[in-house]
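One letter stands for each residue in the lines below.
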Amino acid sequence: MLPENIKVILWWTQFLRISMLLEKSIKELASGLKEKKFSSEDLVRECYENIEKLNPVLNVFVTLRDKDEVIKEAREKDKKTPVNSLLYGLPFVIKDSYNTKGIRTTASSKVLETYIPPYNATVYQKLLDAGAILIGKTNMDAWGHGASSENTDFGPVRNPWDNSRVAGGSSGGNAAAIAARMAVFGIGEDTGGSIRNPSGWCNITGLKVTYGRVSRYGCIAYVSSFDTVGPMARTAEDCAIILQVTAGKDPLDATSSPEEVPDYGSRLNGDIKGMTIGMPKECYGEGVDNEIKSLIYKAAEQYAKLGVEIKEISMPMLEYGVPVYYLIGTSETSSNLARYDGIRYGNGRNKFTSETMRRIMLGTYALSAGYYDAYYKKAQQGRTLFIKEYAKAFTQCDAILMPIEPMPATKLGELIGDPVKNMLADIFTCQTPVGIPSLAVPVGFTKSNLPVGMQLLGNMFSEPLLLKLGYFYQKVTDWHKKSNL
Ligand code: GLN
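In this report, the structure presented in the accompanying data block is examined. Treat the numbers as computed from the prediction; the structure is a model and nothing was measured.

Take the environment of Val 452 next. Structurally, Val 452 can be placed in strand 13 (residues 451–458). Classification of Val 452 as buried rests on a relative accessible area of 3%. Residues Val 452 and Ile 178, 274 residues apart in the sequence, show an inter-C-alpha distance of 16 Å. Residues in contact with Val 452, not counting those within four places in the same chain, are Gly 200, Ile 292, Leu 295, Val 441, Pro 442, Val 443, Gly 444 and Thr 446.

Structural data, given as structure tokens:
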């Protein structure tokens, strides 16, 4: 018999071991599972421990899977010979805009409150095939409409770093879940910042991929010509691993790209010495929070120490980003949401929130005869100018460094109560009509302990370069390791 105090110490050691699991990287988790140092069941249990403790306040899930059912699935995975994937046995969350066969999918709107899809989104199917385990469907701004996860019929998502503030949007549930260690990783959707904004505000890493890099099949459409499907996780390395599984041509999505999928993991290696990062002077002027600016300057200094050349560039078109984005965005969403007419999916159009109704009305107006040339067509011409502006910038640098949002996480009510402020919050993330990728990376905290992120933008299909820049930065900093648990 062991003496009582030794037993207590052993119990605590066990507890510490288990409670630290979700701090590990995907690579560490995969090798720990392989070597049977811990099990997938341990991981899932740890997720639910955090969910039970924190979800009543954070409100991360629209649909949380039954704990016993998920534990059973994990146990079965623990017994089986794993498929050859680093994601095998790892718990993940997915934004509620992805169709999951047999599991309710609402896009956080009452219109789809009882909708159970008969098929899986390609990205979800790929993760299931890799052996990952779904924990739940996360809360979001309805239809992707928002930057704060307040435009939801299931209650706002609160920020794990300050519960009086929002988690960001529209993939806010995902970001809060990862920041609160309720899952190892998540799949978000970024049309005009929805992965990057909540990643920055919750201190996680998120990748907006090149348009067409990941199949959109089964993703509820917001702006079909901008929507992208991307990973949200703790680190750039984790995002690379998830992208490896999810990227590629899909016969079910004609807009998915046939561009070859590189080996993202091995492309993290090598060096970043000699690369050039451009900082557009228009992004560091008035209207941007001073603490955000100085944290991003510090990140730039860090890159300079790593041998990267930092250069000031100019992108005068940036100020037109919001009108171009919102004219095309609302036009496409007015068309995409026309199908929810009460005939095919049940509930009628009176169930849309006022934010969504406003977007439908704006888009319908921009597309209507008589106004089409003045608004929609002008915005499409603006889109072409943006494409040229970014192409020019990439002749001067390999990547562009910008803030994600002009301010840290806002108080509840601040964005949803002010539609113009809500749109202007997207000033640095609304270049999505261009189709280029962008990586959001944590760079520190404000004096009141709110997380701040930077975004690195690259040319089409430059994910390997962006992930490498993020990876090198995270090797010499530890912001991404911090949590508020
Ligand atoms: N905040 C932006 C919007 O409301 C981004 C949304 C998104 O990327 N889904 O349109």
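Where helix 8 (residues 236–246) contacts helix 14 (residues 463–476), the two axes come as close as 8 Å, and the packing angle between them is 150°. In terms of their interaxial angle, helix 8 and helix 14 are classed as roughly antiparallel. Here helix 8 contributes Ala 236, Glu 237, Cys 239, Ala 240 and Leu 243 to the contact with helix 14, which in turn contributes Glu 463, Leu 467, Gly 470, Tyr 471 and Gln 474. Each residue belonging to the contact of helix 8 with helix 14 can be placed in one class, and the counts come to six nonpolar, two polar and two charged.

On to the pattern of salt bridges. In the structure shown here, the tally under the stated rule is 20 salt bridges. When the shortest N-O distance is used, the salt bridge between Arg 75 and Glu 41 registers 3.0 Å. Here Glu 41 lies in helix 3 (residues 40–58) and Arg 75 lies in helix 4 (residues 67–79), a separation of 34 residues in the sequence. The residue Asp 271 makes a salt bridge to Lys 273 at a minimum N-O spacing of 3.8 Å. The class of Asp 271 is partly exposed, set by a relative accessible area of 40%. Accessibility expressed as a relative area gives 60% for Lys 273, which makes it exposed. Within this structure, Arg 65, Glu 69, Glu 73 and Lys 77 form a network of salt bridges that share partners.

With the rule as written, the count across this model stands at 20 aromatic pairs. What links up through ring pairs into an aromatic cluster is the set Tyr 115, Trp 143, Tyr 340, Tyr 345 and Phe 352. Positioned above the aromatic ring of Phe 472 is the side chain of Lys 475, whose terminal nitrogen or guanidinium carbon lies 4.4 Å from the ring centre.

Cut-offs applied
Residues numbered from 1 in each chain as written. Predicted model: local features only at pLDDT ≥ 70, side-chain atom pairs only at ≥ 80, totals over all residues. Heavy atoms only, no water. Helix = DSSP H or I, 4+ residues; strand = E, 2+ residues; numbered from the N terminus. Buried < 20%, exposed > 50% of the residue type's maximum accessible area, 1.4 Å probe, protein only. Contact = heavy atoms within 4.5 Å. Axes fitted to C-alpha atoms, helices over the stretch in contact; angles between N-to-C directions. Parallel < 35°, antiparallel > 145°, perpendicular 65-115°, else oblique. Nonpolar A, V, L, I, M, F, W, Y, C, P; charged D, E, K, R; others polar. Salt bridge = Lys/Arg side-chain N within 4 Å of Asp/Glu carboxyl O. Phe/Tyr/Trp six-rings, centres within 6.5 Å; stacked < 30°, edge-to-face > 60°. Lys NZ or Arg CZ within 6 Å of the ring centre and 35° of its normal.

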